[in-house]
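Letter by letter, the chains look like this.
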Amino acid sequence: MPAKPTRQDQFLILLEEHKKILFKVASVYCRNRADRDDLVQEMTLQLWRSFGRYDDRQRFSTWMYRVSLNVAISFYRRESRRSRATVPADDSILEVAGEEIDVVMLSDELRMLHRVIEQLDELDRALVLLYLDGNPHDTIADVMGISESNVGTKIGRIKQRIRREWSRHSTGEHTNGSR
Amino acid sequence: MDLDELKRTWEGYDRKLDASVRLNTRMMRGALLDKAETAMTRLSLLVGVELVVLLGAALWLGAFMWRYAGEARFLVPAMMLDLGVIVLVIAGVRQVSAVSQLDYGAPVVAIQKHLESLSVERIRATKWTLFLAPFAWTPISIVFLKDVFNLDVYAAFGVSWLGANVLFGLVVLAVLVGISKRLANSARHASLLQRLSRDFAGHNLTAAMDFLGSLSQFEKEES
């Protein structure tokens, strides 16, 4: 008879299924790899500490977004207040085949998107990430703790902002190209 | 180009991540998850020791006040110190209980508000502790020397010595304010020193209050 999976096994299985959330949250809130590794470690530790309170009637991804975003926002605010004084860890929780990611990162649209995200505050970054990940407005509202109509208003504003940024970017390129 | 077009690019990025990101389960099982427990135990132990020390000090001061209840010159400095210690104990217990009840799986805006309110409380406690510390030396010396060596500081060194200590406390406070303002804006110092400086100079409090304002705005903004 196979052994019953432990709580730690259950956690690792769920984390494996949703590991991309860790990577995407970290890349939205951190510029460099060392910070990203630190944040992934903090998010994982907090997920494990909070796992006892996870109610499995709720979707794991919704719960994981909440915990990860809460940790990431606190990390971002703390790091932006102080200079970096820690040594990067030797080992990473998430191992990334850098080459493949870099190819995608080179796409102009994605670079522009990252530039726009960097200009957003910590709360709007969370909204954009949840939207880009294909979550419907009610899920975004549930993760953030605001009303659905508020989510719609905010996403609409961010869309307008991106359109403006893009047209400025395209005009700049066109001007440079015609010189 | 708009956000919905970028969403399609993001979906491509997401598919690439499926193949590129791997969870380091060896590291997770080996140390990380156990580390989470150890770190929490160590933290609880540190906070526990701090509270025991503070409670010990409160009891010692209580016993001292009982013995010198009829002598205001000893009773008043002991009461001032005891009040400070009791405030620190209450603030410590409140923080520990609030942090242990914090559920990171709750909605983002609510948790961020809770965290930032705790941060405001912590910053205020640190600021007042640092602000009053240079003046604590005088009542501490009165109570400590009387209790341990039965030495009456008023009689042995005179009231002018006590006055000079209070003045010295003022000078130290002025120097601390100057140093904290310089260090708070410098990025070259260790994080603890920088954090204390920013707490004392009021920078962290302003930032925390601003963020609380942004959270309220974010929550209520509808159209």
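Note that the structure is a prediction, hence the values are computed from the model and not measured.

### Considering the packing of helix α4 (residues 108-149) of chain B against helix α6 (residues 159-184) of chain B
Residues and elements named next belong to chain B. The interhelical angle for the contact between α4 and α6, taken along N-to-C directions, is 160 degrees, at an axis separation of 8 Å. Regarding the angle of α4 to α6, the classification is roughly antiparallel. Classified by chirality, the crossing of α6 by α4 is right-handed. Across from Leu130, Phe131, Pro134, Phe135, Trp137, Thr138, Ser141 and Ile142 in α4, the residues of α6 making contact are Trp161, Leu162, Asn165, Val166, Gly169, Leu170, Val172, Leu173 and Leu176.

### A short note on unusual backbone geometry
Residues and elements named next belong to chain B. You will see that Asn150, though not glycine, has its phi angle at about 50 degrees, which is positive. Within the secondary structure layout, Asn150 lies in the loop between α4 and α5 (153-157). Assessed through its relative accessible area of 55%, Asn150 is described here as exposed.

### Thoughts on the packing of α4(B) against helix α7 (residues 191-201) of chain B
Residues and elements named next belong to chain B. Contact geometry of α4 with α7 gives a least axis separation of 8 Å together with a crossing angle of 85 degrees. Between α4 and α7, the interaxial angle falls into the category roughly perpendicular. When α4 is examined against α7, the residues Arg122, Ile123, Thr126, Lys127, Leu130 and Phe131 are found in contact with a partner set consisting of Arg195, Leu196, Asp199 and Phe200. When grouped by side-chain class, the residues that make up the contact of α4 with α7 number five nonpolar, one polar and four charged.

### Focus: the interface of chain A and chain B
The figure often quoted for interface size is the accessible area lost as the parts come together. Counting residues at the interface gives 75 residues for chain A, matched by 63 residues for chain B. On inspection of chain A and its partner chain B, the count reaches four salt bridges. We note a salt bridge from A:Lys20 to B:Asp14, for which the minimum N-O separation is 2.6 Å. Joining chain A to chain B, the criterion identifies 19 residue pairs in polar contact (both at pLDDT 80 or more). Per-element tally for the side of chain A that touches chain B: the top contributor is helix α9 (residues 148-178) of chain A, with eleven residues. Residue classes in the side of chain A that touches chain B are distributed as 34 nonpolar, 18 polar and 23 charged.

### Regarding the pattern of salt bridges
A full pass over the atoms with the stated rule returns 17 salt bridges over all chains. For A:Lys24, the salt bridge identified is with A:Asp133, shortest N-O distance 2.7 Å. Taken together, the residues span a long stretch of sequence, with A:Lys24 in helix α2 (residues 19-29) and A:Asp133 in the loop between α7 (122-132) and α8 (137-144) at a distance of 109 residues. Where B:Glu219 meets B:Lys113, a salt bridge forms, and the shortest distance between an N and an O atom there is 2.5 Å. Pair noted here: B:Glu219 is in helix α8 (residues 203-220) and B:Lys113 is in helix α4, with a separation of 106 residues, a long-range link. Salt bridges linked by common partners bring A:Lys20, A:Lys24, A:Asp133 and B:Asp14 together as one network.

### Topic: the environment of B:Gly105
Here B:Gly105 shows up in the loop between α3 (72-101) and α4. Judged by its relative accessible area of 5%, B:Gly105 is buried. Along the sequence, B:Gly105 and B:Ala155 sit 50 residues apart, while their C-alpha atoms lie 61 Å from each other. Not counting the four nearest positions on each side in its chain, B:Gly105 is found in contact with A:Trp63, A:Arg66 and A:Val67.

### Things to note about the confidence of the model for chain B
Overall, the prediction assigns chain B a mean pLDDT of 85, with 92% of residues at 70 or greater. The ipTM for the predicted assembly is 0.82, set against a pTM of 0.81.

### Regarding the environment of B:Arg8
Residues and elements named next belong to chain B. The residue Arg8 is located in helix α1 (residues 3-20) in this model. In this structure Arg8 comes out as exposed when scored by relative accessible area, which is 54%. Here the alpha-carbon distance between Arg8 and Ser119, two residues 111 residues apart in the chain, equals 39 Å.

### A closer look at a nonpolar patch on the surface
All names here are of chain B. A cluster of nonpolar side chains, contributed by Trp60, Ile140, Phe144, Val148, Phe149, Leu151 and Phe157, occupies part of the molecular surface with about 630 Å² of accessible area. Among the elements that make up the nonpolar patch, the one with the highest residue count is α4 (four residues). Relative to the elements of secondary structure, Leu151 occurs in the loop between α4 and α5.

What counts and how
- Residues numbered from 1 in each chain as written.
- Chains lettered and ligands numbered in written order.
- Predicted model: local features only at pLDDT ≥ 70, side-chain atom pairs only at ≥ 80, totals over all residues.
- Heavy atoms only, no water.
- Axes fitted to C-alpha atoms, helices over the stretch in contact; angles between N-to-C directions.
- Helix = DSSP H or I, 4+ residues; strand = E, 2+ residues; numbered from the N terminus.
- Parallel < 35°, antiparallel > 145°, perpendicular 65-115°, else oblique.
- Left-handed = near helix turned anticlockwise from the far one by under 90°.
- Contact = heavy atoms within 4.5 Å.
- Buried < 20%, exposed > 50% of the residue type's maximum accessible area, 1.4 Å probe, protein only.
- Nonpolar A, V, L, I, M, F, W, Y, C, P; charged D, E, K, R; others polar.
- Salt bridge = Lys/Arg side-chain N within 4 Å of Asp/Glu carboxyl O.
- Polar contact = N/O pair within 3.5 Å; in protein donor to acceptor, adjacent residues only side chain to side chain.
- pLDDT = per-residue confidence, 0-100.
- Patch = residues over 30% accessible without salt bridge, like charges linked within 9 Å, V, L, I, M, F, W, Y side chains within 5 Å.
- Areas by Shrake-Rupley, 256 points an atom, 1.4 Å probe, with all protein chains shown as cover.

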